[in-house]
Amino acid sequence: MYLNLIQIAESFGVSEQLVLEWVRNEGMPHVHDRDRILFEQDQVMTWAARNGLAANTGFLAQPTPALASNLNLAALVRRGGIWRDVTPGDLPGVLERIVRGLPGVSPAVHGMLARRICTPEGLTIAPTGRGFALPHPARGVFLGEACALVSLILLSAPLEGTKGPDAVPVTRLLFFISPTPRLHVDMLGLLARSVASGVLSTALDQAADDETVLQALVEGSGHAVPLRSGGRR
């Protein structure tokens, strides 16, 4: 979905001139269509998350309660898992294990996804600050609700050549696969908001257990955490 200059300015609550400055000086993704500048919605959301920006209104607004209710973030994290002490060199293998664990997917699709995300151009990594990034498949992968997930991957060393807008090296990844193209934008917003809240960072700095970390991630996004029967794992 492509948006024009006026729609982007409205969404961020800024002037059109400031958006043009972002294009010239801050690398805001765009395309030229004759005498117009257009913006692809997903690319702009990724850029905004990387630069610590949040859209307040219009086409790029943060998820409304109705849309957010379609995303059970706690269930998505439990499906994707929390992976600790992963070396940067082992990251491709961990990502492959995550996608090969998707339920209800044929071996051929598992293999295709694994090949895609394990190539340098197959993953979009969006640093958001506080040592976090929001990696996701570079080309759209939308297999429905049953195959959506969020994985929190905690690296044992910084990801080489990757820093957030605050210049903090990336050591914490929230890898996600969205259920639909529309909810991809919402997931970017939810996860970026969770990082920006600082609740998740605090839990990780305190070496909290997995269930406490999950609760911090979801609460930081503005969601309630469903109770899990059987207590903590």
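Whatever comes next refers back to the structure up there.
The rules behind each value
Residues numbered from 1 in each chain as written. Predicted model: local features only at pLDDT ≥ 70, side-chain atom pairs only at ≥ 80, totals over all residues. Heavy atoms only, no water. Helix = DSSP H or I, 4+ residues; strand = E, 2+ residues; numbered from the N terminus. Buried < 20%, exposed > 50% of the residue type's maximum accessible area, 1.4 Å probe, protein only. Contact = heavy atoms within 4.5 Å. Areas by Shrake-Rupley, 256 points an atom, 1.4 Å probe, with all protein chains shown as cover. Arc of directions from axis to C-beta. Pairing = 2+ DSSP bridges. Core = buried A, V, L, I, M, F, W, Y, C linked by side-chain atoms within 4.5 Å. Axes fitted to C-alpha atoms, helices over the stretch in contact; angles between N-to-C directions. Parallel < 35°, antiparallel > 145°, perpendicular 65-115°, else oblique. Left-handed = near helix turned anticlockwise from the far one by under 90°. Nonpolar A, V, L, I, M, F, W, Y, C, P; charged D, E, K, R; others polar. Phe/Tyr/Trp six-rings, centres within 6.5 Å; stacked < 30°, edge-to-face > 60°.

Asker: Can you tell me about the overall build of the protein, naming the residues and giving the values?
Answerer: Across its full length, the protein carries 10 helices and 10 strands. For the protein, buried positions account for 47% of its 233 residues. Considering only residue pairs separated by 6 or more positions, the protein has 65% of its internal contacts joining residues 24 or more positions apart. Summing over all exposed atoms, the protein offers an accessible surface of approximately 11100 Å²; the carbon and sulfur share of this is 52%.

Asker: Describe in detail helix α6 (residues 91-100), supporting the description with residues and values.
Answerer: Turning to α6, its buried residues number three or more, namely Leu 91, Val 94, Leu 95, Ile 98 and Val 99. When α6 is viewed along its axis, its buried side chains cluster within an angular range of 130° and face the same direction.

Asker: Any chance you could break down the pairing of strand β3 (residues 36-40) for me, citing the residues and the numbers?
Answerer: Most of β3 is tucked away: 4 of the 5 residues are buried. As defined by bridge partners, strand β1 (residues 2-4) adjoins β3 across 3 bridges and the pair is classed as antiparallel. Among the inter-strand pairings, Tyr 2 is bridged to a residue of β3, identified as Glu 40. Bridging between strand β2 (residues 31-33) and β3 involves 3 bridges; their strand directions are antiparallel. Counted as the bridge partner of Asp 33 is Arg 36 from β3.

Asker: Describe in detail the nonpolar core, supporting the description with residues and values.
Answerer: With 31 residues, the main nonpolar core has Leu 134, Val 150, Leu 152, Leu 174, Leu 191 and Val 213 as its most contacted residues. Going through the elements one at a time, α3 (41-50), α5 (73-80), β9 (149-155), β10 (172-177), α8 (181-197), α9 (199-205) and α10 (210-220) are the ones with two or more residues in this core. With near-sequence residues (within four places) excluded, Val 150 lies in contact with Leu 73, Leu 76, Val 77, Gly 80, Gly 81, Leu 174, Phe 175, Phe 176, Met 187 and Leu 191. The next biggest cluster of nonpolar side chains, apart from the first, holds 22 residues, and it includes Leu 95, Ile 98, Ala 114 and Leu 123.

Asker: Which residues make up α5, and what values do they have?
Answerer: Because an α-helix completes one turn every 3.6 residues, residues spaced three or four positions apart along the sequence face the same direction. Restricting attention to buried positions, one finds in α5 the residues Leu 73, Ala 74, Leu 76, Val 77 and Gly 80. Relative to the axis of α5, the buried residues are bounded by an arc of 160° and lie together on one face. Gly 81 sits one or two residues past α5 and shows a positive phi near 90°.

Asker: Go over the packing of α5 against α10, please, and point to the residues and values.
Answerer: Where α5 contacts α10, the two axes come as close as 10 Å, and the packing angle between them is 140°. The pairing of α5 with α10 is recorded here as oblique in orientation. As α5 packs across α10, the resulting crossing turns out to be right-handed. On the side of α5, the interface is formed by Leu 73, Ala 74, Val 77 and Arg 78, while α10 contributes Glu 211, Leu 214, Leu 217 and Val 218. A breakdown of the residues in the contact of α5 with α10 according to their chemical character gives 6 nonpolar, no polar and 2 charged.

Asker: Help me get a handle on the packing of aromatic side chains, residues and values and all.
Answerer: Scanning the model with the defined rule gives 1 aromatic pair in all. Relative to Trp 47, the ring of Trp 22 has its centre 5.6 Å away and its plane inclined at 50°; by these criteria the two rings are tilted. Residue Trp 22 is found in helix α2 (residues 16-25), and its partner Trp 47 is found in helix α3; the two are separated by 25 residues along the sequence. In this structure, Trp 22 and Trp 47 share a single accessibility class: buried.

Asker: Lay out the side chain of Ser 201 in plain terms, naming residues and giving numbers.
Answerer: Within the secondary structure layout, Ser 201 lies in helix α9. The exposure class of Ser 201 is buried, given its relative accessible area of 6%. With residues up to four places along the chain from it excluded, the contact list for Ser 201 reads Arg 130, Phe 132 and Arg 172.

Asker: Got a sec to walk through the environment of Arg 79? Specific residues and values, please.
Answerer: Position of Arg 79 among the secondary structure elements: in helix α5. Overall, Arg 79 belongs to the partly exposed group, its relative accessible area being 37%. Taking the C-alpha atoms as reference points, Arg 79 and Pro 103, separated by 24 residues in sequence, lie 9.3 Å from one another. When sequence neighbours within four positions are dropped, the list of residues in contact with Arg 79 reads Pro 103, Glu 145, Ala 146, Cys 147, Ala 148 and Leu 149.

Such coordinate-based values are descriptive only and should not be taken to indicate function.
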